[in-house]
Amino acid sequence: MISVSNKRYAEKIAEWSFFLGVIVLVFWKCKYGYATLDEAFYPTIGYRFLQGDAILYEEWSNTQLTGILMLPILKIYQIINGGMEGVYLYLRYTYTILKILIAGLIYYRFQRFGKRKAYVTAMLFLIFAS
């Protein structure tokens, strides 16, 4: 007969195995892109600001404020790489890492409602939210 502690230990192993499997698949997906997102548009606005365009003056798009959020990430990449070649793959990996960290934060904050509920909520976010 399986004791309660062994059963909980087996559940933890299953949860962590599923979590690590999802992380591997999410990173694998980075090579192919996110077709439902307009991932090519937002970095170009940030890149224009890096080139010297003035916000609210030379850019008329209502999404230009996302370019300001992209500036530090693009600047770090430009300093490290010396150019912008490969920036989309870098941004996909950065997005994926941030998404995993947010899923961890969701799990941590939702534990007061129950560990299983927190786990399911974090995994749903990690798998389906974009």
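Preceding this section is the structure that the text describes.
What comes next concerns the included structure. Being a predicted model, the structure only gives us computed values, none of them experimental.

## Concerning the overall build of the protein chain
Working step 1: Counting its regular elements, the protein chain contains five helices and zero strands.
Working step 2: Along the chain direction, N to C, the helices and strands of the protein chain fall in the order α-α-α-α-α.
Working step 3: In terms of C-alpha radius of gyration, the protein chain reaches 20 Å, well past the compact-globule figure of 14 Å for 130 residues.
Working step 4: The principal-axis extent of the C-alpha atoms belonging to the protein chain is close to 70 × 30 × 25 Å.
Working step 5: Considering only residue pairs separated by 6 or more positions, the protein chain has 54% of its internal contacts joining residues 24 or more positions apart.
Working step 6: When the accessible surface of the protein chain is split by element, carbon and sulfur atoms take 69% of a total near 9300 Å².
Working step 7: The averaged location of the 8 negative side-chain charges in the protein chain is 18 Å from the averaged location of its 14 positive side-chain charges.

## Re the nonpolar core
Working step 1: Ranked by size, the top nonpolar core spans 13 residues in total, and within it F19, V22, I23, I100, M123 and L126 carry the most contacts.
Working step 2: Ignoring any residue separated from it by four or fewer positions in sequence, one finds F19 in contact with I100, Y119, M123 and L126.
Working step 3: M70, L74, Y77 and V87 belong to the second largest nonpolar core, which has five residues in total.

Reading guide: rules and limits
- Residues numbered from 1 in each chain as written.
- Predicted model: local features only at pLDDT ≥ 70, side-chain atom pairs only at ≥ 80, totals over all residues.
- Heavy atoms only, no water.
- Helix = DSSP H or I, 4+ residues; strand = E, 2+ residues; numbered from the N terminus.
- Rg over C-alpha atoms; globule rule 2.2 N^0.38 Å.
- Contact = heavy atoms within 4.5 Å.
- Areas by Shrake-Rupley, 256 points an atom, 1.4 Å probe, with all protein chains shown as cover.
- Lys, Arg positive; Asp, Glu negative; His and termini not counted.
- Charge placed at Lys NZ, Arg CZ, Asp CG, Glu CD.
- Core = buried A, V, L, I, M, F, W, Y, C linked by side-chain atoms within 4.5 Å.
- Buried < 20%, exposed > 50% of the residue type's maximum accessible area, 1.4 Å probe, protein only.

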